[in-house]
Amino acid sequence: MEEQTLSTVFETFGAQTTVVLIVALIGLIPVILYRQKTPRWFVLAYGFLFVAAFATNFENVLLPTALNLTEHFVGNLGAGVAFAVAAYTYRRQHIDTEGTGGEA
C-alpha cells in the first residue's frame, strides 16, 4: 500500500521536482536562522527560488498556466535579478573598496 501511495505522489509531482521541493524546504532552515547575518538580496533570491520550486510542483495539480508563469517569471527571473543585485552590491562594498585602500 505504501508503494502505491508513493507512486501516486511521484506520478502527480514527479520524482525530480519532489526532491527539489524537499531540498528547498530543508534549505529554508539555514536561511531563516542566519537571515540577520546574510545580505538581504541573497535571502530574497532564495525566497524566489523557493517560489519556483513550489510552483513547479503544484502546476500539475492546480492552475497550470498561472503557476508555470509564476515559476518562470516570478521564481526564476526574480532569483536571477536578486542574485545579480546581490553580487553587484557585494562587489561595491567589499571588492571595489579594497583596491583603493579606502581612498575615494
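Going by the structure above, here's the rest.
The present account deals with the structure reproduced in this document. On a predicted model such as this, the values are computed, not experimentally measured, just so you know. (Residues numbered from 1 in each chain as written. Predicted model: local features only at pLDDT ≥ 70, side-chain atom pairs only at ≥ 80, totals over all residues. Heavy atoms only, no water.)

Examining the overall build of the chain
Counting its secondary structure elements, the chain contains four helices and zero strands. For the chain, the succession of helices and strands along the chain, N to C, is α-α-α-α. Put simply, the chain has 104 residues, and 18% of those count as buried. In the chain, the proportion of contacts linking residues at least 24 apart, taken out of those at least 6 apart, comes to 62%. Of the roughly 7,700 Å² of accessible surface on the chain, a fraction of 67% belongs to carbon and sulfur atoms. (Helix = DSSP H or I, 4+ residues; strand = E, 2+ residues; numbered from the N terminus. Buried < 20%, exposed > 50% of the residue type's maximum accessible area, 1.4 Å probe, protein only. Contact = heavy atoms within 4.5 Å. Areas by Shrake-Rupley, 256 points an atom, 1.4 Å probe, with all protein chains shown as cover.)

Regarding the packing of aromatic side chains
In this structure the tally under the stated criterion is two aromatic pairs. Residues Phe-42 and Phe-83 carry aromatic rings whose centres are separated by 6.1 Å and whose planes lie at 55° to one another, so their mutual orientation is tilted. Taken together, the residues Phe-42 in helix H3 (residues 40-58) and Phe-83 in helix H4 (residues 64-99) connect sequence positions 41 residues apart. In this structure Phe-42 comes out as partly exposed when scored by relative accessible area, which is 30%. (Phe/Tyr/Trp six-rings, centres within 6.5 Å; stacked < 30°, edge-to-face > 60°.)

So, unusual backbone geometry
Its identity is not glycine, yet Leu-63 carries a phi of approximately 45°, on the positive side. Judged by relative accessible area, which is 55%, Leu-63 ranks as exposed.

Focus on a nonpolar patch on the surface
Taken together, the side chains of Ile-22, Ile-26, Ile-29, Leu-33 and Tyr-34 define a hydrophobic patch exposed on the protein surface, amounting to about 540 Å² of accessible area. If you trace the backbone, Leu-33 turns up in helix H2 (residues 15-33). (Patch = residues over 30% accessible without salt bridge, like charges linked within 9 Å, V, L, I, M, F, W, Y side chains within 5 Å. Salt bridge = Lys/Arg side-chain N within 4 Å of Asp/Glu carboxyl O.)

Observations regarding the packing of H2 against H3
One can describe the packing of H2 onto H3 by two numbers: an axis separation of 9 Å at closest approach and a directional angle of 150°. Comparing their axes, H3 and H2 come out roughly antiparallel. The two elements H2 and H3 cross, and the hand of that crossing is left-handed. Every residue of H3 that contacts H2 at Thr-17, Thr-18, Val-20, Leu-21, Val-23, Ala-24, Leu-25, Gly-27, Leu-28 and Val-31 is listed here: Val-43, Tyr-46, Phe-50, Ala-53, Phe-54, Thr-56, Asn-57 and Phe-58. Across the contact of H2 with H3, the residue classes tally to 13 nonpolar, five polar and no charged. (Axes fitted to C-alpha atoms, helices over the stretch in contact; angles between N-to-C directions. Parallel < 35°, antiparallel > 145°, perpendicular 65-115°, else oblique. Left-handed = near helix turned anticlockwise from the far one by under 90°. Nonpolar A, V, L, I, M, F, W, Y, C, P; charged D, E, K, R; others polar.)

Side note on the environment of Asn-68
Within the secondary structure, Asn-68 sits in helix H4. On the accessibility criterion, Asn-68 (30% relative accessible area) is partly exposed. Along the backbone, Asn-68 and Asn-57 are 11 residues apart, and their C-alpha atoms lie at a distance of 9.7 Å.

Any functional reading would require information that these geometric values do not contain.
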